[in-house]
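Chains, contacts and geometry: an overview
Now for the letters of each chain:
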Amino acid sequence: QVQLVESGGGLVQAGGSLRLSCAASGRTLSSYAMGWFRQAPGKEREVVAYISWTGGTTYYPDSVKGRFTISRDNAKNTVYLQMNSLKPEDTAVYRCAAATRVRLGVARQAYEYDYWGQGTQVTVSS
């Protein structure tokens, strides 16, 4: 079992930045692909960042490309999401997730992930 705990969310003005952290316990994350998802009220959950287990592959949808950066620190068993130039439409609950079965390619769908954190709220005011 892997337990994931997100932190770093909060209220920020448009144009500001936040860094989310996803700390794992139970098992090392070093062999797992990781993703960040968000879900706003009334909207579908969407992936906003992905990083392969090697760290060599990342993916961002167009909505956040150039503004969000995912990274991992295997020594700290933690994955990060740096969010810059935040917009009101980025307001959502953000959750990290671990994909234990993904070895190649990019995991964009929620069903590809096996462990999930509880989420952290990000609110961007205009």
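Everything below is about the structure printed above this text.
Residues numbered from 1 in each chain as written. Predicted model: local features only at pLDDT ≥ 70, side-chain atom pairs only at ≥ 80, totals over all residues. Heavy atoms only, no water.

So, on to the side chain of S21. Note on placement: S21 falls in strand β3 (residues 18–25). Among all residues touching S21, those that are not within four sequence positions of it are V5, E6, S7, W36, T78, V79 and Y80. (Helix = DSSP H or I, 4+ residues; strand = E, 2+ residues; numbered from the N terminus. Contact = heavy atoms within 4.5 Å.)

Here the focus is the sheet that holds β3. Taken in spatial order, the 4 strands of this open sheet run β1-β3-β8-β7, and their pairing is antiparallel. Strands at the two margins of the open sheet, each flanked by one partner only, are β1 (3–7) and β7 (68–73). On average, each strand axis in the sheet is tilted by 15° relative to the strand beside it, whichever way the strands run. Where β3 and strand β8 (residues 78–83) come together, 6 bridges link them in antiparallel fashion. Considered in β8, the bridge of C22 is made with V79. (Pairing = 2+ DSSP bridges. Axes fitted to C-alpha atoms, helices over the stretch in contact; angles between N-to-C directions.)

Note that G119 resides in the loop between β10 (115–116) and β11 (120–125). Residues contacting G119, with those up to four places away along its chain left out, are E6, V93, Y94 and R95.

With respect to the helices and strands, R72 occurs in strand β7. Buried charge without a partner: R72 forms no salt bridge, and the closest opposite charge is D73, 8.6 Å away. One polar contact links the side chain of R72 to the main-chain carbonyl oxygen of Y32, over a distance of 2.8 Å. Among the polar contacts listed, one links the side chain of R72 to the backbone oxygen of S52, at a separation of 2.8 Å. Once residues within four sequence positions are removed from consideration, R72 is found in contact with L29, S30, Y32, A33, M34, I51, S52, W53, G55, T78 and V79. (Buried < 20%, exposed > 50% of the residue type's maximum accessible area, 1.4 Å probe, protein only. Lys, Arg positive; Asp, Glu negative; His and termini not counted. Salt bridge = Lys/Arg side-chain N within 4 Å of Asp/Glu carboxyl O. Polar contact = N/O pair within 3.5 Å; in protein donor to acceptor, adjacent residues only side chain to side chain.)

Right, let's get into the environment of G8. Along the chain, G8 falls in the loop between β1 and β2 (10–13). For G8, a relative accessible area of 34% gives the class partly exposed. With 73 residues separating them along the chain, G8 and L81 place their C-alpha atoms 9.4 Å apart. Excluding residues that lie within four positions of it along the chain, G8 makes contacts with L18, R19, L20 and T120.

According to the stated counting rule, one finds 5 salt bridges in the structure shown. A salt bridge links K65 to D62, with the shortest nitrogen-to-oxygen separation between them at 3.3 Å. In this pair, the class of K65 matches that of D62, namely exposed. The partner of D114 in a salt bridge is R101, and the shortest N-O contact between them spans 2.9 Å. Of this pair, D114 sits in the loop between β9 (92–99) and β10 while R101 sits in the loop between β9 and β10; the two residues are 13 residues apart in sequence, bridging distant segments of the chain.

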